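Residue-level listing of the chains:
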Amino acid sequence: MTLQVIRFAIVGAISAFVDVGVLVALKELLCVDVLISSAISFCVSVTVNYFLSMTFVFKGKNQSKLYEFIIFVLLSLGGLMLNQLILWIGVKFTSVYYLAVKFFAMVIVPFYNFITRKMFLESKRK
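All values reported here derive from a predicted model rather than from experimental measurement.

What counts and what doesn't
- Residues numbered from 1 in each chain as written.
- Predicted model: local features only at pLDDT ≥ 70, side-chain atom pairs only at ≥ 80, totals over all residues.
- Heavy atoms only, no water.
- Phe/Tyr/Trp six-rings, centres within 6.5 Å; stacked < 30°, edge-to-face > 60°.
- Helix = DSSP H or I, 4+ residues; strand = E, 2+ residues; numbered from the N terminus.
- Buried < 20%, exposed > 50% of the residue type's maximum accessible area, 1.4 Å probe, protein only.
- Lys NZ or Arg CZ within 6 Å of the ring centre and 35° of its normal.
- Core = buried A, V, L, I, M, F, W, Y, C linked by side-chain atoms within 4.5 Å.
- Expected span 1.5 Å × (residues − 1).
- Contact = heavy atoms within 4.5 Å.
- Axes fitted to C-alpha atoms, helices over the stretch in contact; angles between N-to-C directions.
- Left-handed = near helix turned anticlockwise from the far one by under 90°.
- Nonpolar A, V, L, I, M, F, W, Y, C, P; charged D, E, K, R; others polar.

Peer 1: Outline the packing of aromatic side chains, listing residues and values.
Peer 2: All told, the structure shown has nine aromatic pairs when counted by the stated rule. Where Y50 meets F72, the ring centres are 5.1 Å apart and the plane angle is 70 degrees; that geometry is what we call edge-to-face. Separated by 22 residues along the polypeptide, Y50 in helix α2 (residues 34-56) and F72 in helix α3 (residues 65-93) bring together distant segments of the chain. Note on accessibility: Y50 and F72 belong to one class, buried. Against the face of Y98 rests K27, its NZ or CZ located 5.4 Å from the ring centre.

Peer 1: So what's going on with the nonpolar core? Which residues, and what values?
Peer 2: Burial of nonpolar side chains together is a common tendency in soluble globular proteins. F8, F42, M54, V57, F58, F72 and L121 are the most contacted members of the largest nonpolar core, which totals 15 residues. Every element with two or more residues in this core is listed here: α1 (2-29), α2, α3 and α4 (98-121). Counting nine residues, the second largest nonpolar core, distinct from the first, contains V20, I86, Y98 and V101.

Peer 1: Break down α1 for me, with residues and values.
Peer 2: Its 28 residues place the ends of α1 39 Å apart at the C-alpha level, agreeing with the 40 Å of an ideal helix rising 1.5 Å per residue. Those residues of α1 lying buried are Q4, F8, V11, S15, D19, V20, L23 and L26. The inward-facing, buried residues of α1 contact α2 and α4. Just beyond α1, the residue with positive phi is C31, at close to 55 degrees.

Peer 1: Could you give an account of the packing of α2 against α3, with specific residues and numbers?
Peer 2: Here α2 crosses α3 at 145 degrees, and the two axes come no closer than 9 Å. Of the two possible hands of crossing, α2 and α3 adopt the one that is right-handed. On the side of α2, the interface is formed by V34, L35, S38, A39, F42, V46, N49, Y50, S53 and M54, while α3 contributes K65, E68, F69, F72, S76, G79, L80, N83, Q84, L87, W88 and V91. Residues of the contact of α2 with α3, tallied by class, amount to 13 nonpolar, seven polar and two charged.

Here it is as structure tokens:
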């Protein structure tokens with residue numbers, strides 16, 4: 001499981017880079033609202049994360065890839081809601097810079113992601 005956690009962290013780092021890159025591009029270059037930018041960037045990074053996670057981190061159950069992707073997306077919606085809640089509270093009620101709040105969310109949300117994906121997407125070893 002240690003190797004799995006390391007792979008999860010590497011995939012997470014790549015996905016985080018995509019997430020922050022898209023967020024900053026939308027917010028700073030295109031002047032899109034921070035919460036909308038965050039939702040879009042999160043969705044893009046979830047798609048990248050799915051393909052990398054199911055290739056390098058989790059051994060999927062014997063089910064269709066479409067079904068697996070749907071479960072992954074549904075689990076990710078919980079992560080998105082947690083991410084958005086943290087970002088909304090941080091931006092609306094504090095004077096903390098949005099990227100600092102985003103980085104805080106990026107520390108919290110992966111715990112939820114790993115636990116739920118391990119529970120619902122990975123096959124049980126015999």
